[in-house]
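# Structural description and commentary
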Amino acid sequence: MSKVEVFRDVTFEELKHIYEEILKGREDGLRPRCLDKYIEKVMEIYGTLSFGQAWRYTEGLFWEEVAKRYFE
């Protein structure tokens, strides 16, 4: 599976908001809804993924974008 860059054009403020929502969701045991539009993009690109698979893949893409932007 080749990498897609759904977070490439996301601003620092948006990335920070997503980060905070992911952490809050983990504490509350809920899925962060702010990832939904990115999950939908991933599902459009990879039509065979279930929602759960696309969610996990999208969250991984988020962490990769953060690492690439701030640690490279």
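Here, the structure is the one placed above.
Quick caveat: nothing in here was measured; it's all calculated off a predicted structure. (Residues numbered from 1 in each chain as written. Predicted model: local features only at pLDDT ≥ 70, side-chain atom pairs only at ≥ 80, totals over all residues. Heavy atoms only, no water.)

Summing up its helical and strand segments, the protein has three helices and zero strands in all. Taken from N to C terminus, the helices and strands of the protein fall in the order α-α-α. Here the C-alpha atoms of the protein give a radius of gyration of 12 Å, agreeing with the 11 Å that 2.2 N^0.38 yields for 72 residues. Overall size of the protein, expressed as C-alpha extent along the three principal axes, is 30 × 30 × 15 Å. For the protein, the proportion of its 72 residues judged to be buried stands at 33%. When the accessible surface of the protein is split by element, carbon and sulfur atoms take 53% of a total near 5,000 Å². (Helix = DSSP H or I, 4+ residues; strand = E, 2+ residues; numbered from the N terminus. Rg over C-alpha atoms; globule rule 2.2 N^0.38 Å. Buried < 20%, exposed > 50% of the residue type's maximum accessible area, 1.4 Å probe, protein only. Areas by Shrake-Rupley, 256 points an atom, 1.4 Å probe, with all protein chains shown as cover.)

On to the side chain of Glu65, then. If you trace the backbone, Glu65 turns up in helix α3 (residues 51-71). For Glu65, a relative accessible area of 7% translates into the label buried. If we ignore the near neighbours within four places in the chain, the residues touching Glu65 are Phe7 and Arg8. (Contact = heavy atoms within 4.5 Å.)

What follows deals with the packing of helix α2 (residues 36-45) against α3. For the pair α2 and α3, the least separation of the axes is 9 Å and the interaxial angle reads 110°. Viewed along their axes, α2 and α3 adopt a mutual orientation that is roughly perpendicular. Judged by the sense of rotation from one axis to the other, the crossing of α2 with α3 is right-handed. Contacts from Asp36, Tyr38, Ile39, Val42 and Met43 in α2 reach Phe51, Ala54, Trp55, Tyr57, Thr58 and Leu61 in α3. Here the contact of α2 with α3 is composed, by residue class, of nine nonpolar, one polar and one charged. (Axes fitted to C-alpha atoms, helices over the stretch in contact; angles between N-to-C directions. Parallel < 35°, antiparallel > 145°, perpendicular 65-115°, else oblique. Left-handed = near helix turned anticlockwise from the far one by under 90°. Nonpolar A, V, L, I, M, F, W, Y, C, P; charged D, E, K, R; others polar.)

Glancing now at α2. Turning to α2, its buried residues number three or more, namely Asp36, Tyr38, Ile39 and Val42. Considered in projection along α2, the buried side chains sweep an arc of 160° and stay on one side of the axis. Where α2 is buried, its residues touch α1 (12-28) and α3. (Arc of directions from axis to C-beta.)

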